[in-house]
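# Fold and geometry: a report
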Amino acid sequence: MNKSKSGARRTNSAKATLRKSPNGTRYSEAAACLAEIGKGFHARGWVLGTSGNFSAVISREPLRLAITSTGLDKGSLAPDQFLEMDEAANVVRGDGRPSAEALLHLAIVRGVDARAVLHTHSVWSTVLSGSHASQGGIALEGYEMLKGLEGVRTHKHREWLPILENSQDMLELGERVSKTLRESPGIHGFLLQEHGLYTWGGNLPEAKRHVEILEFLMEVLVRSGAAQSA
Ligand SMILES: [Zn+2]
């Protein structure tokens, strides 16, 4: 992989791929970083059984994302297994195909100013998104760890984590994701019912931190029993 610094920018990328995307170095760095994130999340049990998917915006104009290819073990991702995808979820670099959920990544990066989107299937998000589905979401309040969410300064912050009904129709689900983002400005993530968590950030480290914070808080809710009375 090309992990070279700015001086070698664009010089080590294959000409054929540069023709399709001028973001060679940024793509390579994003893929390497996403692969590392995948290993860490897998070790935590958040993306078992090839579940989950990760993406990073490498260009806004035109919109281009580095994204996981579907069906891969997230514990052993290699940077060359990633794909570059355009604004219509067409693959413009790499072998394989993106998950059907790629459409949700596109809905998120269009709906909020996100540069990275991370999706996990943890036990905790699966449990809570089922038990709280009838309430439409989960309120997280009073926890010091909330301050790990971008822009949050106090444990008194009330974070609303919407729960959307799951679907296999990603066009329809993508529209509901867009609607949720419009109607709940300032949220840091949402849950798909009995499925998992989507969160994002202004960059990859921020999105990774949001996964860690939200997964931590969901585990606290379940383990403490607080979720039952929430
Ligand atoms: Zn999923």
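Thresholds applied
Residue numbering note: each chain is counted from 1, following its sequence as written. Confidence filtering applies because this is a predicted model: local features only for residues at pLDDT of at least 70, side-chain atom pairs given and counted only at 80 or more, and all residues used for totals across whole chains, interfaces and linings. Note that the side-chain values use all heavy atoms of the structure and ignore hydrogens as well as water. Helix and strand definitions here come from DSSP, where helices need a minimum of 4 consecutive H or I residues and strands a minimum of 2 consecutive E residues; each element is numbered from the N-terminal end. Any residue under 20% of the maximum accessible area for its type is buried, any over 50% is exposed, and the rest in between are partly exposed; the area is computed with a 1.4 Å probe on protein chains only. Only the protein chains shown count as cover for residues, and the accessible areas themselves come from Shrake-Rupley with a 1.4 Å probe. Donors, by definition, are the N, O and S atoms found within 2.8 Å of a metal, the threshold being 3.2 Å for Na, K and Ca, and water is not counted, so a site can look incomplete. Every geometry call rests on angle ranges, with four donors termed tetrahedral when all angles are between 85 and 135 degrees, four termed square planar and six termed octahedral when opposite donors are over 155 degrees apart and all others are between 65 and 115, and everything else termed irregular. In this analysis, the expected span of each helix is defined as 1.5 Å times one less than the number of residues it contains. For this analysis, a polar contact is any N or O atom pair within 3.5 Å, provided that within protein one partner can donate a hydrogen and the other can accept it, and provided that sequence-adjacent residues contribute only side-chain to side-chain pairs.

### Overview of the overall build of the protein
Looking only at helices and strands, the protein has seven helices and nine strands in total. Counting every position in the protein, which comprises 230 residues, the buried fraction comes to 50%. For the protein, the computed accessible surface area is about 10,600 Å², with 50% contributed by carbon and sulfur atoms.

### Comments concerning the coordination of the zinc ion
The protein atoms that coordinate the zinc ion are Glu101 (OE), His119 (NE2), His121 (NE2) and His195 (NE2), at distances spanning 2.1 to 2.4 Å. For the zinc ion, the four donor atoms in the first shell make angles of 91 to 149° at the metal, so the coordination geometry reads as irregular.

### Section: helix α6 (residues 204-224)
An ideal rise of 1.5 Å per residue puts 30 Å on 21 residues; α6 measures up with 30 Å between its terminal C-alpha atoms. Among the residues of α6, those classed as buried are Leu204, Glu206, Ala207, His210, Val211, Ile213, Leu214, Glu215, Leu217, Met218 and Leu221. You can read the cap of α6 off the contacts: a side-chain oxygen lies 2.8 Å from the backbone nitrogen of Glu206, and it is on Asn203. In the segment just after α6, Gly225 is the residue with positive phi, at about 85°.

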